Structures are given as C-alpha cells and as structure tokens.
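Descriptive structure summary
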Amino acid sequence: AYRAEIIAASNRRKEMADAAAKKAQAYVLNWCRDATGDEGYLKAKKVPAVPGLLATRHGDVVAVVARDASGEVRFLQRIYYDSEEGGFLKMFTKGSDPTGCWYEIPAREDGAKDVAIVCEGLATGIDAWRATDCSVFVAFNCGNLRPVAEALVASGRFKGEEILVMADNDWKKASEGKGNAGLQ
C-alpha cells in the first residue's frame, strides 16, 4: 500500500509539471515578446537582454523560459521588479518542477562551444556569458546546479570536465542571518 501511495504521488507531481509546461507554453505564445534591456530587473542588475530572453508584452516583467534536456518548455520564471522597494519577486509557473531544467544563453559565434557554465540566477548567468562568451545554463536555484550539470552530461552535449558550476555568494543574506545556500 505504501509503495502504491508513493507511485500515485509521483504520478500527480508529473501531471502537475506537465500541466505547468502547457501553461508556460501558452503564456509564451500569447503574452511575451523579446526582452529589450529596458525592463526594471535588467536595469537594476545592470545587465543587457540576451538571446532568447523574454518579457511580457504589457508591463515590466522578465519571463525566463526553462527547458528540459529534450528542449521542451517546462515552466517560466517571471521576475517582477518593485521600483519603490528596490526588490524582486521571482515566481515559477504553478506546479512546475525545476529539477534538471534550465534557461540557456548560447555561446556567441566566436565563443567557446565546448565549455558550459551552470549558475543559479539570471543576472549571474548574463554576467558569466558576457565575461566568457561560453554557453551558460541558468539553473534557477542552488539545489538545481547538480541536476542541470548531470542532465547536460547525460544529454551528450558536454563532458563533465567541460562544465563549470558557479554558485551565488549571497553574502548580504548571510550577514542578515539568512544563510548562504550557494556556498554550502
């Protein structure tokens, strides 16, 4: 009975993730445009729009499309910028499972195509891409760094020694007593 419950729960999570993928795909088609760099989050982080980055057609929301190893859209991360508070609200499509999914910033034509950088967040990824011209894979959180790196190796796109993992150093959170998960 216990095994049946675990299987049923796993099936429900997969159904929820599949529903989130369909919702994200529809959102991209109906509500998104290419990001311009004028979005509040990008301005505040002092990073440009990069290939494939989206924003909402109406408003100031960055929409980051997450794909799995097969290239299928699995969910969106929407990043809202609050200009009054100076903070950000990051939201995933409800029911999504980010494990092993990423947002890819492709290597530039003259960049290193045989090296991949896996990092936590979008702004970190854009900075890494600008500095190296390598392919960058945004994992969305520190708990997804390893699953993304493993998925890249399993897909055959990169060998393990060709993947550089970059964790965030959230020193400000650490100084506020909130921990520094990326460095743990």
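Right, let's walk through the structure included here. (Residues numbered from 1 in each chain as written. Predicted model: local features only at pLDDT ≥ 70, side-chain atom pairs only at ≥ 80, totals over all residues. Heavy atoms only, no water.)

Let's shift gears to the sheet that holds strand β9 (residues 163-166). One open sheet accounts for four strands, arranged β6-β8-β7-β9; its pairing is mixed. Both outer strands of the open sheet, β6 (103-105) and β9, are each paired with one neighbouring strand and no more. With strand direction ignored, the average angle separating the axes of adjacent strands in the sheet is 20°. Each of β6, β7 (116-119), β8 (135-138) and β9 touches helix α3 (residues 122-132); the most contacted strand, β8, lies at about 175° to it. (Pairing = 2+ DSSP bridges. Helix = DSSP H or I, 4+ residues; strand = E, 2+ residues; numbered from the N terminus. Axes fitted to C-alpha atoms, helices over the stretch in contact; angles between N-to-C directions. Contact = heavy atoms within 4.5 Å.)

Let us now look at the side chain of Glu 39. Mapped onto the elements of the fold, Glu 39 is located in the loop between β1 (32-34) and α2 (40-45). Each residue touching Glu 39, except ones within four places of it in the same chain, is listed here: Arg 33, Ala 55, Asp 60 and Val 62.

With that settled, consider the nonpolar core. Residues Leu 42, Leu 53, Val 62, Val 64, Tyr 103 and Leu 122 are the most contacted members of the largest nonpolar core, which totals 26 residues. Where this core is concerned, the elements lending two or more residues are α2, β3 (62-67), β4 (73-82), β6, β7, α3 and β8. The dominant element in this core, judged by the number of residues it contributes, is α3, at five residues. Ignoring any residue separated from it by four or fewer positions in sequence, one finds Leu 122 in contact with Tyr 41, Leu 53, Val 62, Val 64, Ile 79, Tyr 103 and Val 138. (Core = buried A, V, L, I, M, F, W, Y, C linked by side-chain atoms within 4.5 Å. Buried < 20%, exposed > 50% of the residue type's maximum accessible area, 1.4 Å probe, protein only.)

Another aspect to go through is the pattern of salt bridges. Opposite charge on two side chains allows them to pair when their charged atoms are near. Using the criterion set out here, one finds seven salt bridges in the structure. Residues Arg 33 and Glu 39 are paired through a salt bridge, measuring 2.9 Å at the closest nitrogen-oxygen approach. Take Arg 33: its relative accessible area is 27%, and that puts it in the partly exposed class. The class for Glu 39 is buried, based on a relative accessible area of 1%. (Salt bridge = Lys/Arg side-chain N within 4 Å of Asp/Glu carboxyl O.)

Here we take up the sheet that holds strand β2 (residues 54-56). The strand order across the open sheet built from five strands is β1-β2-β3-β4-β5, with neighbouring strands paired in antiparallel fashion. Each of the sheet's edge strands pairs with one partner strand only, and the pair in question is β1 and β5 (87-92). Pairwise comparison of adjacent strand axes, ignoring direction, gives a mean angle of 35° for this sheet. One ladder, built from six bridges, connects β4 with β5; its direction is antiparallel. Opposite Arg 78, over in β5, you have Met 91 as the bridge partner. Sheet contacts for helix α1 (residues 2-31): β1, β2, β3 and β4; angle to β4, the most-contacted strand, approximately 60°.

One pass over the structure, following the stated rule, counts zero disulfides. The cysteine Cys 101 is free of any disulfide, with Cys 119 supplying the nearest cysteine sulfur at 15 Å. For the unlinked cysteine Cys 134, the closest cysteine sulfur is that of Cys 119, found at 12 Å. Note on Cys 134: relative accessible area 8%, which makes it buried. (Disulfide = S-S within 2.5 Å.)

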